[in-house]
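Here is how the chains run, residue by residue.
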Amino acid sequence: MSSETILRLDNIVKRFGDFTAVDGVSLDIYEGEFLTIVGPSGSGKSTLIRLLVGMDELTEGSLWLRGERIDQTPANKRPTCMVFQSLALFPHMSVGQNIEFPLKIRGESAEDRRNRALELMALLRLPEHYYTKGVTQCSGGERQRIALARALAFDPEILFFDEPLSALDFRLRKALEKELKDLHERTGKTFVYITHSLEEAMVMSDRIAIMNAGQFVQIAESDDIYARPNSRFVAEFMGEVNLFGVEGTGSGELHGNGVEIHVNGRADEFGIALAPGKQGTLMVRPEFVKFLSSGETSDFVVRGVLRAEYALGSRIQYKVESADGSNLIVENLREDRYQGHVGDSVILGWDIESTHMIVE
Amino acid sequence: MKTPRILRVALYVYGVLVIVWLYIPLVSVTFASISKARYLTFPIKRYSTAWYAKAVESDTVRDIVSTSLKVAIIVTIISMIVGFFGALAFARYQWRYRRIFQKLILLPIFFPQTVLGLALLMWFNSVGIIPTWKTAVVAHLVWISPIATLIIAIRAYSFDHSLEEAARDMGASTWTVMREITLPLLMPGIVSAGLFAFLLSWGNFPLSLFTTGADSTLPEWLYAKMVSGYSPLVPTVGVISILSSFCIVLIAVVVMWGMRLTRKARS
């Protein structure tokens, strides 16, 4: 991944009548990166990607590909290509014909087309005899790979994806997420992916842009977004989280509601200090919260009652109701599972290193 | 739940009876055409194919068949073309007057054909067009092209808009998208629309009666012969007409089958 900009979005706006679907979005997409735009449904991400590939026209703003303005260029004249949510495989064509379609449009010879198609099928681990198979007879995962091969045959400058994995079952989706990431590394192309699934975004992306109500809320590397969200919306959108309203009391100390704080003046040192009287939201992810035995203490402590236990496979999730009635989520590895029962009075604690302060 | 055996047998018998009931008229016409006697009596005493020979030799029969065929073929071709574009307007594209168009196009189908025929005849007269088989083509089209449009529109509704977008995204121009994606995907609908158009035109009586003028189509001629001067030539030509319809359906099936095969062979 270089830091050279391949696609520049400059204050893009899209309105449908009175409704503003995309509301002033600016972003530099870098050469060779895997960027994922994540947002809940209705956030405008699908509208945005349609603008980027040229299927809809911008209302305002401009779009620049390697310094050349392209927002007036129709989709069929742009060197970009999209993998659709429905995959849009041509049902009246074989696997080979589908993959060769962009080459046929470009007027390449039948032999060249066939060679390239077989090459791409090998890259995507599609058996060679599938060349003549009808696409309608292929399985979900195979169809996915065919759509990818076809998009790669087009050899786009940027490859866009509109939630292509959303229709697949869980296991297949997980496998294909990893394949897609590998494919990105092998081809070195710029991938722009949209999804509503945080997990999908986390597995694959170099950078994630969180979108809400037609605007980007935060754009950062995946780890950053997870550990250091810039708003409650992002914190809550990026998985389970515990949030507390806190207030600065000066000299590196904090005061919180429903949480005992023993930071001993170290708030500055760990970047969670607030000016006296200033409000903030303290965040801690469930995997950092531990059950404390009586007598043990921690930088942050909450007392409550264990209300529920859920097995999530390798991890166990607990719901704890604190003394002031709010709920906390705790996640432990199975081997560190809490030895007790639902209904027990418990003490929870976590360290200052695992917290993050959100100031809005 | 398993259907009891007795009920299944009863259903089969009932089904067979319905089919027999439907086909008895056709069978009796066939018998009438191969009887040597001038009028149909049962049991048939002597069989003969003499009337078939006469039908084939007759210049009148040849004339009316060629008129009917001309009308039906032209109606079929125009209906397929008009129906294809009409269906795109009906089902695929968003445009301002689409809802009105969708309703207006249905009107000719709901009109009683005799009234439609009469109205067209009066209109042809008032603008000074002398009715011939060509005006019949126009009349048939008024009624048949909406049907063809609907048949193709059903197909057009069921296809995914993103297929066209994807083709365009990969560099295809509007015409290439039409040729490579839209047309092949709608083809089964277009072929069935053509088939319907042909059969509806071939067998149409009420519209033809009003609008052919001095020319005569096969159903008109059959009616005229029934009213004045029945001979076994009437059922004979009737049977020939049914058989040709059947052949057309058969050809269409073979064409569709062939298309599927060549597509397989090409890939």
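Note that this is a predicted model, so its numbers are computed, not measured.

Caption draft 1: Just the domain arrangement of chain B, in detail. All names here are of chain B. Per the domain assignment, the segments making up chain B are domain 1 (1-48) and domain 2 (57-266). With eight residues of domain 1 at the interface, the matching set in domain 2 holds seven residues. Overall, the association of domain 1 and domain 2 removes approximately 640 Å² of surface from exposure, summing both partners, and the carbon and sulfur fraction of that is 70%. At the surface where domain 1 touches domain 2, the tally comes to zero salt bridges.

Caption draft 2: Representation of the sheet that holds strand β3 (residues 34-38) of chain A in the model. Residue and element names in this part refer to chain A. Strand order in the open sheet formed by six strands is β6-β7-β8-β3-β9-β10, and the pairing between neighbours is mixed. Both outer strands of the open sheet, β6 (80-83) and β10 (215-221), are each paired with one neighbouring strand and no more. Neighbour-to-neighbour, the strand axes of the sheet open up by a mean angle of 20 degrees, direction not taken into account. As judged from the four bridges shared by β3 and strand β9 (residues 207-212), these two strands associate in the parallel manner. Paired with Ile37 across the bridge in β9 is Ala209. Packing of helix α5 (residues 170-187) onto the sheet brings it into contact with β3, β7 (158-162) and β8 (190-195), and relative to β8 it is tilted by some 160 degrees.

Caption draft 3: Main features of the packing of helix α6 (residues 113-126) of chain B against helix α7 (residues 133-157) of chain B. All names here are of chain B. Between α6 and α7, the least distance of the axes is 11 Å, while the angle of their chain directions is 135 degrees. Taken together, the axis directions place α6 and α7 in an arrangement best described as oblique. Relative to α7, α6 is oriented so that their crossing is right-handed. Here α6 contributes Gln113, Leu116, Leu120 and Phe124 to the contact with α7, which in turn contributes Thr135, Val138, Ala139, Val142 and Trp143. Broken down by class, the residue content of the contact of α6 with α7 amounts to seven nonpolar, two polar and no charged.

Caption draft 4: Broad picture of the packing of aromatic side chains. For the structure on display, the rule yields 18 aromatic pairs over all chains. Put simply, the rings of A:Phe34, A:Phe161, A:Phe191 and A:Tyr193 touch in pairs and so form one group of aromatic residues. Its end group placed over the ring of A:Phe154, A:Arg106 keeps NZ or CZ at 5.2 Å from the ring centre. Sitting over the ring of B:Phe159, B:Arg92 keeps its end group 5.1 Å from the ring centre.

Caption draft 5: Main features of the pairing of strand β1 (residues 5-16) of chain A. All names here are of chain A. Pairing geometry for β1 and strand β2 (residues 19-30), over nine bridges, is antiparallel. The residue of β2 that forms the bridge with Leu7 is Ile29. Between β1 and β2, which pair antiparallel in sequence order, lie two residues; one of them, Gly17, sits at a positive phi of approximately 65 degrees. For β1 and strand β4 (residues 60-65), the ladder comprises five bridges, and the chain directions are antiparallel. Each bridged residue has a counterpart across the sheet, and for Leu7 the counterpart in β4 is Leu65.

Calculation rules
Numbers given to residues run from 1 along each chain, matching the order in which its sequence is written. By the order in which they are written, chains take letters starting at A while ligands take numbers starting at 1. Whole-chain, interface and lining totals are the exception, using all residues; otherwise, since this is a predicted model, local features are given only for residues with pLDDT of at least 70 and side-chain atom pairs are given and counted only at 80 or more. To obtain the side-chain values, all non-hydrogen atoms of the structure were included, while hydrogens and water were left out. Each domain span listed reflects an automatic or database assignment of domains. Pairs of residues are marked as contacts when any of their non-hydrogen atoms sit within 4.5 Å. Buried area: the accessible surface (1.4 Å probe) lost by two parts on joining, summed over both. A side-chain nitrogen of Lys or Arg and a carboxyl oxygen of Asp or Glu constitute a salt bridge if their distance falls within 4 Å. Pairing between strands requires that DSSP locate at least two bridges from one strand to the other. Strands here are runs of E lasting at least two residues and helices are runs of H or I lasting at least four, both read from the DSSP assignment and numbered beginning at the N terminus. Lines fitted to C-alpha atoms define the axes, with helix axes restricted to the stretch in contact, and inter-axis angles between N-to-C directions lie between 0 and 180 degrees. When describing relative orientation, an angle under 35 degrees is termed roughly parallel and one over 145 degrees roughly antiparallel, while 65 to 115 degrees is termed roughly perpendicular and anything else oblique. Two helices that cross are described as forming a left-handed crossing if the nearer one is turned anticlockwise from the farther one by less than a right angle, and a right-handed crossing if clockwise. Classification convention: Asp, Glu, Lys, Arg as charged; Ala, Val, Leu, Ile, Met, Phe, Trp, Tyr, Cys, Pro as nonpolar; all other residues, Gly among them, as polar. In summary, the pairing rule links any two rings of Phe, Tyr or Trp, Trp by its six-membered ring, whose centres are within 6.5 Å, and it sorts them by plane angle into stacked for under 30 degrees, edge-to-face for over 60 and tilted for everything else. Two limits define a charge over a ring: the Lys NZ or Arg CZ must be within 6 Å of the ring centre, and within 35 degrees of the ring normal.

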